[in-house]
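Summary of structural features
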Amino acid sequence: MTRNLILGGLLSSLMLLAAAASFLWTPFDHAAMNIPAKLQTPNAQHWLGTDHFGRDLLSMIMVGARTSIAVALVAVGIGMGAGVPLGLAAAARKGSWLDEGIMRGNDLVFAFPSLVIAILITAVLGAGAVNAIIAIGIFNIPVFARITRGAALSLWEREFILAARVAGKGAARISAEHILPNVMNLLIVQGTIQFSLGILAEAGLSYVGLGAQPPTPSWGRMLADAQTMVSFAPHLALVPGLAIILTVLGLNLLGDGLRDHLDPKLRVARA
Amino acid sequence: MAFRTFAVAASSALALMAGSAWAKDGVTIGLQLEPPHLDPTSAAAQAIDSVVYSNIFEGLTRFMGDGSVVPGLAESWEISGDGTVYTFKLREGVRFHDGSTMDAEDVKFSLDRARGEDSTNAQKALFEGITAVNAVDPQTVQITLDAPNGSLLFNLAWGDAVIVAPESIDGIKTDPVGTGAYTFQEWVQGDRITLARNPEYWGDQPALASATFKFISDPTAAFAAMMAEDIDAFDNFPAPENLPQFEADPRFQVLVGSTEGETILSTNNKQPPFDDVRVRQALAHAIDRQSIIDGAMFGYGTPIGTHFAPHNPAYRDLTGHSAHDPDKARALLAEAGFADGFETTLHLPPPSYARRGGEIVAAQLATVGIKAEIINVEWAQWLESVFRGKSFGLTIISHTEPMDIGIYARPEYYFQYDSKQFQELMAKLNATTDPEARTAILQEAQEKISADYVNGYLFQLAKLGVAKAGLQGLWENAPTAAIDLSALSWAE
């Protein structure tokens, strides 16, 4: 266990816990407005203070974590679900038109600045959490496809794959039974990183008003709402800002730690 | 040689310092919205009037900062005994910025163009009832009406009724030529418009030699620009939450006034369940106006109970009709058959009164069981789908035209209120010239729409002006969208 892994795991699980706890309990109703109690700084009753409508910031952060996780998780799911099979297929038919088609398609998606396209997608389909998921998810596909193909290509040269082929297994079966388990550690590491990027992207889209719509709390929109009030109520921006930073930092550390932990080559090098 | 360079540099530096020590003779004014073009007679955009009204273009009559209507290009007028013929005497020696004289033919051209069949005027209703405009002689214009119209002089003061010249009409959208105290200089799209003092102006020469309108749409950027003193004044500051900081800073003055903007929870009267007056009444009782004013406008705004400006002498305070009473709202909903509430949409255009106000309204409606889905839209979308397309349940919007209760007599208007009784009231109002009788009719009209709960009446939009401490002559209130540059000056 490295320090990265522990710190990253702690920060990430803190966020997961906050999101999970919000289903059962939040200090206040996250949507309940109490205008006379607006813009309170952190105090005994409202641990993180209140926003410009007098809503409890801690409750909003907790429920907002749910939004972030849901969007990022499904987006990574889309990326893995479509990207991994594509990458496996491309590697299995290396050099064929299928490989070329998949990889050039990947290049095409990669060539676009992802956030700009996400804005385009949400502008066309309408703003909302679901469309944000689709937009972020699409850009996860080539990431996973490339990683899978790259790792799978070297595996196809290995003896145990040759053995499997000699045993009469087809390409699809070899991919599923032998290649996939061996690229899994890479995918987990990449998934963690993409998860943190997804949270960042969701916050970005919400910040410009294209993510989750009110009254669904979202960290990015909380930041946007706080913008004109930073000079006299800095905690409104600090609280969601720190939530985003710590979560993304935590997931990145976790990803790093996991790679150190899971990658046998690195383990040998260290030893 | 080196010495000479230094001397030149030093003297020019001195000149610069001297320049800033002298009283400023220009002003930079921030506006949130950039006008789409500069023709006030063919678009409703307020930003056009903010730039051109009384600065570039003038009408026969004009508004003053206190809302009164005074002579503009018409020096005086006579009204015939039966109230149907107005004879305007035009000022002598008025010239357009291109040097041509302004005479009765220009007035006839302008008004005929505004009221014509193919007119694109955004406020054509202002000219309804005019049957003929005649140029009696170069200084005299006669306007004939089909019936007496007590608000003609008021109508002619609007930015939509300014006098334009046939010679320069083709270029009006990008190169406006008017009679005002300032001439158009330059428009850098997306950034600024500059005007310069018109030395040929017929009236008193204004104090400031030049004016720049700078367009800053983002409230945070507006705040930064004001604080850095890049701009001298912001006409209507978009972030009310920042005003206390300006108030606490001796470099600035804050002018809180009123606008003609009735901010309403506009309701689609033709869309079920809002076609049931009990449902609309329930909406009205579900809303807590003071919370909306405090939460969305940080306390700036006056609660209204009908579609009428509180500073108008004919205003009646009808907020009691729709006091905040969630229990009554629930009872009314149950009576109308919606004991479990219903779902609808709430379209919100960009200004913070709508976006923030909408979040509060949605939360308040939720407490009585009405689930309003918030849909944030840009202005173009709002005009397209809500205003023209009429596909909405609820929306929040400020109606900023002065004295616009007449829109309730138009059944095709986007909230689609169709009441014979109200339409007759408006017809009666137009035929009445006696001020007291008009007030009585206006009050009856206010009662009528309030009792029918046509829309949710929220608050009168405040005008939140911020300026440097030394700038004098800014309008505190906004009887119309305008920034009267000729009234501005810098204190010594």
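Residues numbered from 1 in each chain as written. Chains lettered and ligands numbered in written order. Predicted model: local features only at pLDDT ≥ 70, side-chain atom pairs only at ≥ 80, totals over all residues.

Here we come to the overall build of chain B. The number of helices and strands found in chain B is 13 helices and 19 strands. On C-alpha atoms alone, chain B measures out to a radius of gyration of 25 Å, which is about the 23 Å that the 2.2 N^0.38 rule sets for 492 residues. Overall size of chain B, expressed as C-alpha extent along the three principal axes, is 90 × 60 × 35 Å. Counting over 492 residues, chain B shows a buried share of 45%. The contacts of chain B with a sequence gap of at least 6 include a subset with a gap of at least 24, amounting to 69%. (Helix = DSSP H or I, 4+ residues; strand = E, 2+ residues; numbered from the N terminus. Rg over C-alpha atoms; globule rule 2.2 N^0.38 Å. Buried ≥ 20, exposed ≤ 12 C-beta atoms within 10 Å, placed from the backbone. Contact = placed C-beta atoms within 7 Å.)

Once that is clear, we can look at the sheet that holds strand 4 (residues 74–79) of chain B. All names here are of chain B. Spatially, four strands are ordered 4-5-7-6 in an open sheet, and the strand pairing comes out antiparallel. Two strands in the sheet have a free side with no partner beyond their single neighbour: strand 4 and strand 6 (130–137). Geometrically, the sheet is characterised by an average inter-axis angle of 20 degrees between neighbouring strands, direction not taken into account. Where strand 4 meets strand 5 (residues 85–90), five bridges bridge the pair, whose relative direction is antiparallel. When the sheet's bridge partners are listed, Trp77 is paired in strand 5 with Phe88. Sheet strands in contact with helix 3 (residues 104–115) are strand 5, strand 6 and strand 7 (140–145), and its direction is about 165 degrees off that of strand 6. (Pairing = 2+ DSSP bridges. Axes fitted to C-alpha atoms, helices over the stretch in contact; angles between N-to-C directions.)

The subject of this paragraph is helix 3 of chain B. Residue and element names in this part refer to chain B. Here helix 3 is twelve residues long and its end C-alpha atoms lie 17 Å apart, about the 16 Å a rise of 1.5 Å per residue gives. Of the positions making up helix 3, those classed as buried are Asp106, Val107, Ser110, Leu111 and Ala114. With its buried residues spanning 120 degrees around the axis, helix 3 presents them on a single face. (Expected span 1.5 Å × (residues − 1). Arc of directions from axis to C-beta.)

Attention now goes to unusual backbone geometry. The omega angle of the peptide bond from A:Pro214 to A:Pro215 is 10 degrees, so this bond is cis rather than trans. Following the sequence through the fold, A:Pro215 ends up in the loop between helix 7 (171–207) and helix 8 (219–226). Here B:Pro272 and B:Pro273 are connected by a cis peptide whose omega angle stands at 5 degrees. Tracing the chain through its elements places B:Pro273 in the loop between strand 12 (252–267) and helix 7 (277–286). A positive phi angle, near 55 degrees, is found at A:Leu39, a position not held by glycine. If you trace the backbone, A:Leu39 turns up in the loop between helix 1 (3–24) and helix 2 (57–92). Looking at A:Leu39, the number of C-beta atoms within 10 Å reads 17, which means it is partly exposed.

Residues and elements named next belong to chain A. Where helix 2 contacts helix 5 (residues 129–156), the axes come no closer than 5 Å and their chain directions differ by 35 degrees. The way helix 2 lies across helix 5 gives a crossing that is right-handed. Classifying every residue of the contact of helix 2 with helix 5 by side-chain character gives 25 nonpolar, seven polar and two charged. (Left-handed = near helix turned anticlockwise from the far one by under 90°. Nonpolar A, V, L, I, M, F, W, Y, C, P; charged D, E, K, R; others polar.)

At the interface, 16 residues of chain B touch 16 residues of chain A. Elements with a contribution of two residues or more to the side of chain B that touches chain A: helix 5 (219–227), helix 8 (289–297), helix 10 (352–367) and strand 15 (370–376) of chain B. Ranked by residue count, the leading element in the side of chain B that touches chain A is helix 10 of chain B, at four residues. Of the residues contributing to the side of chain B that touches chain A, the split by class is seven nonpolar, six polar and three charged.

Counting 134 residues, the largest nonpolar core has B:Ile29, B:Ala233, B:Leu265, B:Ala282, B:Ala286, B:Val361 and B:Val466 as the members making the most contacts within it. Residue contributions to this core peak at eight residues, all from strand 17 (residues 456–468) of chain B. The contact partners of B:Ala233, leaving out residues within four places of it in the chain, are B:Val27, B:Ile29, B:Gly30, B:Gly465, B:Val466, B:Ala467, B:Lys468, B:Leu471 and B:Leu474. In this structure, A:Ala135, A:Ala145, A:Ala233 and A:Leu258 belong to the second largest nonpolar core, which totals 67 residues. (Core = buried A, V, L, I, M, F, W, Y, C linked by C-beta atoms within 7 Å.)

Bringing the pairing of strand 12 of chain B into the picture now. Residues and elements named next belong to chain B. Note that strand 12 and strand 17 share eleven bridges and pair antiparallel. By the bridge assignment for strand 17, Gln253 is matched with Ala467. As paired elements, strand 12 and strand 16 (residues 394–399) share six bridges and run antiparallel to each other. Bridge pairing in strand 16 links Glu262 to His399.

Residues and elements named next belong to chain B. Split into domains, chain B comes out as domain 1 (12–40 + 45–53 + 172–257 + 463–490), domain 2 (61–164) and domain 3 (259–462). Between domain 1 and domain 3, the C-alpha centre-to-centre distance is 33 Å. Listed as interface residues are twelve residues of domain 1 and, on the opposing side, nine residues of domain 3. Split into classes, the residues belonging to the side of domain 1 that touches domain 3 amount to eight nonpolar, two polar and two charged. (Domains from an automatic or database assignment.)

Residue and element names in this part refer to chain A. Two elements in contact, helix 8 and helix 9 (residues 235–262), have axes separated by 8 Å at closest approach and are oriented at 150 degrees. The angle between helix 8 and helix 9 falls in the class roughly antiparallel. The chirality of how helix 8 crosses helix 9 is left-handed. Seen from helix 8, the contacting residues are Trp219, Met222, Leu223 and Ala226; seen from helix 9, they are Leu236, Ala237, Pro240, Gly241, Ala243 and Ile244. Looking at the contact of helix 8 with helix 9, its residues break down into nine nonpolar, one polar and no charged. (Parallel < 35°, antiparallel > 145°, perpendicular 65-115°, else oblique.)

Interpretation of the predicted coordinates at a detailed level should be avoided for regions scoring low in pLDDT. Residue-level pLDDT values for chain A average 89, and 97% of them are 70 or greater. By mean pLDDT, the top-scoring element of chain A is helix 2 of chain A (93), and the lowest-scoring one is helix 10 (residues 264–270) of chain A (57). (pLDDT = per-residue confidence, 0-100.)

What follows deals with the pairing of strand 1 (residues 26–31) of chain B. Residues and elements named next belong to chain B. Bridge count for strand 1 against strand 10 (residues 210–215) is six bridges, and the pairing is parallel. By the bridge assignment, Gly26 is partnered in strand 10 with Ser210. Bridging between strand 1 and strand 11 (residues 233–234) involves two bridges; their strand directions are parallel. Counterpart to Gly30 in the pairing with strand 11 is Phe234.

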